[in-house]
Amino acid sequence: MKTRIFLPLAAVGLTAGLIAVSGCKTSMNSVENAQKTGQRQMVTDQRVITDRSLAKKVSIVGVNQVITPGGFLKVQIELLNTTRSPQSFSYKFEWFDANGMLLNSAAMPTYPDEIQGGEDKFITGQSPTPASKDFRVKFIANIN
Amino acid sequence: MKKNLLLSLAATVLPLAIGGCATKAHYVQTGGNQSIVSIGAINIQDYTQAASTMTSELLASGVLDKVPNPPAILAISRIINNTGQQIDTDLLTKKIRVALLQSGKALTTTTFTIGGPAEDPMAQALQQQNQARLNQMTARTPDFTLSGKIIQTAVKEGSTSQSTFSFQLSLTDPNSGLAVWEGEKEITKQGGRGSVGF
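Residues numbered from 1 in each chain as written. Chains lettered and ligands numbered in written order. Predicted model: local features only at pLDDT ≥ 70, side-chain atom pairs only at ≥ 80, totals over all residues.

Asks: Explain the overall build of chain B to me, please; I cannot follow it from the model alone.
Replies: What chain B contains, in helices and strands, is 4 helices and 7 strands. Counting all 198 residues of chain B, 25% fall into the buried class. Relative to all contacts within chain B whose residues are 6 or more apart in sequence, the contacts with residues 24 or more apart total 65%. (Helix = DSSP H or I, 4+ residues; strand = E, 2+ residues; numbered from the N terminus. Buried ≥ 20, exposed ≤ 12 C-beta atoms within 10 Å, placed from the backbone. Contact = placed C-beta atoms within 7 Å.)

Asks: Would you explain the overall build of chain A in this entry?
Replies: Helix and strand counts for chain A stand at 2 helices and 6 strands. Taken from the N to the C terminus, the helices and strands of chain A come in the order α-α-β-β-β-β-β-β. Sequence separation of 24 or more characterises 69% of the internal contacts of chain A that already satisfy a separation of 6 or more.

Asks: It is not clear to me how the sheet that holds strand β3 (residues 87-96) of chain A should be interpreted in this structure. Could you clarify?
Replies: Strands in a sheet are paired, the pairing made by backbone hydrogen bonds, and the direction either parallel or antiparallel. Residue and element names in this part refer to chain A. Spatially, 3 strands are ordered β4-β3-β6 in an open sheet, and the strand pairing comes out antiparallel. Since the sheet does not close on itself, it has two edges, and those belong to β4 (111-115) and β6 (134-141), each with one partner. Each neighbouring strand pair of the sheet contributes to a mean axis angle of 35°, computed without reference to strand direction. Of the strand pairs in this sheet, β3 and β6 are connected by 8 bridges, and their pairing is antiparallel. Opposite Phe96, over in β6, you have Asp134 as the bridge partner. (Pairing = 2+ DSSP bridges. Axes fitted to C-alpha atoms, helices over the stretch in contact; angles between N-to-C directions.)

Asks: I tried to follow the interface of chain B and chain A on my own but got confused; where do I start?
Replies: Size of an interface, as often reported, equals the accessible area lost when the parts are brought together. Of the residues lining the interface, 24 residues belong to chain B; the matching set on chain A comes to 20 residues. Listing elements by their share of the side of chain B that touches chain A, those giving two or more residues are α2 (44-61) and α3 (90-103) of chain B. In terms of residue count, the dominant contributor to the side of chain B that touches chain A is α2 of chain B (9 residues).

Asks: When you look at the sheet that holds strand β6 (residues 178-191) of chain B in this model, what are you seeing that I'm missing?
Replies: Residues and elements named next belong to chain B. Spatially, β3-β2-β4-β5-β6 is the arrangement adopted by the 5 strands of the open sheet, whose pairing is mixed. Unpaired on one side and paired on the other, β3 (106-108) and β6 mark the two borders of the sheet. Across this sheet, the average inter-strand angle for adjacent strands is 30°, counted without regard to direction. Lying over the sheet, α2 contacts β5 (160-173) and β6, oriented at roughly 150° with respect to β6. Contacts from α3 reach β2 (72-82), β3 and β5, with the element oriented near 160° to β2.

Asks: What is the right way to read the pairing of β2 of chain B from this model?
Replies: Put simply, side chains in a regular strand alternate between the two faces of the sheet. All names here are of chain B. Pairing between β2 and β3: 3 bridges, direction parallel. The partner of Leu74 across the bridge, within β3, is Thr108. The parallel pair β2 and β3, bridged by α3, forms a crossover whose chirality is right-handed. Relative to strand β4 (residues 144-157), β2 is paired through 7 bridges, and the arrangement is parallel. Each residue of the ladder has a partner; that of Ile79, found in β4, is Gly148. (Right-handed = clockwise from strand over helix to strand, strands pointing away.)

Asks: Is there a simple way to explain helix α4 (residues 121-134) of chain B in this structure?
Replies: Given 3.6 residues to a turn, an α-helix orients residues that are three or four positions apart in the same direction. For α4 of chain B, built from 14 residues, the straight-helix expectation of 20 Å at 1.5 Å per residue is met to within 8% by its first-to-last C-alpha distance of 20 Å. Asn135 of chain B, located one to two residues past α4 of chain B, shows a positive phi value of around 55°. (Expected span 1.5 Å × (residues − 1).)

Asks: Explain the packing of α2 of chain B against α3 of chain B to me, please; I cannot follow it from the model alone.
Replies: Packed helices, taken two at a time, are described by the angle their axes make and the gap between the axes. Residue and element names in this part refer to chain B. Viewed as axis vectors pointing N to C, α2 and α3 meet at an angle of 40°, and their least axial separation amounts to 9 Å. In terms of orientation, α2 and α3 fall into the oblique class. Every pair of crossing elements has a handedness; the one defined by α2 and α3 is right-handed. Contacts from Tyr47, Thr48, Ala50, Ala51, Met54, Thr55 and Leu59 of α2 reach α3 at Leu91, Leu92, Lys95, Ile96, Ala99, Leu100 and Ser103. (Parallel < 35°, antiparallel > 145°, perpendicular 65-115°, else oblique. Left-handed = near helix turned anticlockwise from the far one by under 90°.)

Asks: It is not clear to me how the environment of Thr164 of chain B should be interpreted in this structure. Could you clarify?
Replies: Positionally, Thr164 of chain B belongs in strand β5. Non-local contacts of Thr164 of chain B, meaning those with residues more than four positions away in its chain, are made with Thr153, Glu186 and Thr188 of chain B.

Asks: Looking at this model, I keep getting lost on the environment of Leu79 of chain A. Mind explaining?
Replies: Residues and elements named next belong to chain A. Looking at where Leu79 falls in the secondary structure, it is placed in strand β2 (residues 73-81). For Leu79, a count of 21 C-beta atoms within 10 Å translates into the label buried. When neighbours within four sequence positions are excluded, Leu79 is seen to be in contact with Val58, Ile60, Val61, Ile115, Lys121 and Ile123.

Asks: Which parts of the structure should I look at to understand the nonpolar core?
Replies: Inside soluble globular proteins, nonpolar side chains tend to come together where they are buried. Residues and elements named next belong to chain B. Of all hydrophobic cores here, the largest spans 35 residues; its most connected members are Ala51, Met54, Leu74 and Phe167. If one sorts the elements of this core by residue count, α2 sits on top with 6 residues. The residues contacting Leu74, other than those within four sequence positions of it, are Leu100, Ala106, Leu107, Thr108, Pro142, Phe144 and Leu146. (Core = buried A, V, L, I, M, F, W, Y, C linked by C-beta atoms within 7 Å.)

Nothing here speaks to function; it is all geometry.
Rendered as structure tokens:
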């Protein structure tokens, strides 16, 4: 009697579970030119990892930078979602002057972002003043 | 007996559970990832994001560097609010003005205005007084005017709501009347209800 009730319930649970899991899976295909014209000026980076789970899921592939014609430091970070599910995170750029002092700006927001399963994407930031010489980017997993 | 026990247990646990959900008043970082996210309203982090993105784009365009007498002088024109809520557009423009001033690439005039009184009527009066005394223009005329629009697009499907806020800005050269730079930042929020935190 117990088995009779348990089996259909288990089947329903398994189906619902599979639907739920497959609904969260995403994947990303892409195509690009093989012979690159642009040369990225890669930066040797230094990382502080306190959220190993986020670092494993959303890995930092590389960092490159450029000085714009106006004298602003522009930084680009390549991220890769190593999982098959979308990952939601936030990031914030911080900028430092030649003396290593943090530059406070009126508009230095925390950007919410999402990366699809297996996706490789870039995030960019531009310094608020030409006086910015160094940078730091903070990443945090979103709660919602 | 059992019923009484269950009732008293529920009476004890329920207030605790409800009370546990409410948070005490506390400070959070303005625009940080603990901010409240509303579907149908522009939150403070949306203004900061829009202002930051468009300021970076404007500075990167190099258009402000092309004025004959740098830094460029900017006059704030009309920002139209096409959303369903009453907003103060200074929440967007002030952030842009401060960021441009800090960049050293542009200054904003507070004595030029359209329609109503100038942003700084005292400065405007003193400026007019100086001009009358010296019998010549003392103020630099703006190199550019900044105008824009904020638009809300709201849709609903079942219990899920989605709002897109489009922040559009145009930088116009008053000599030619041509928009020399245009920027747009769209922010889309989706969900069943608002939440605390990103």
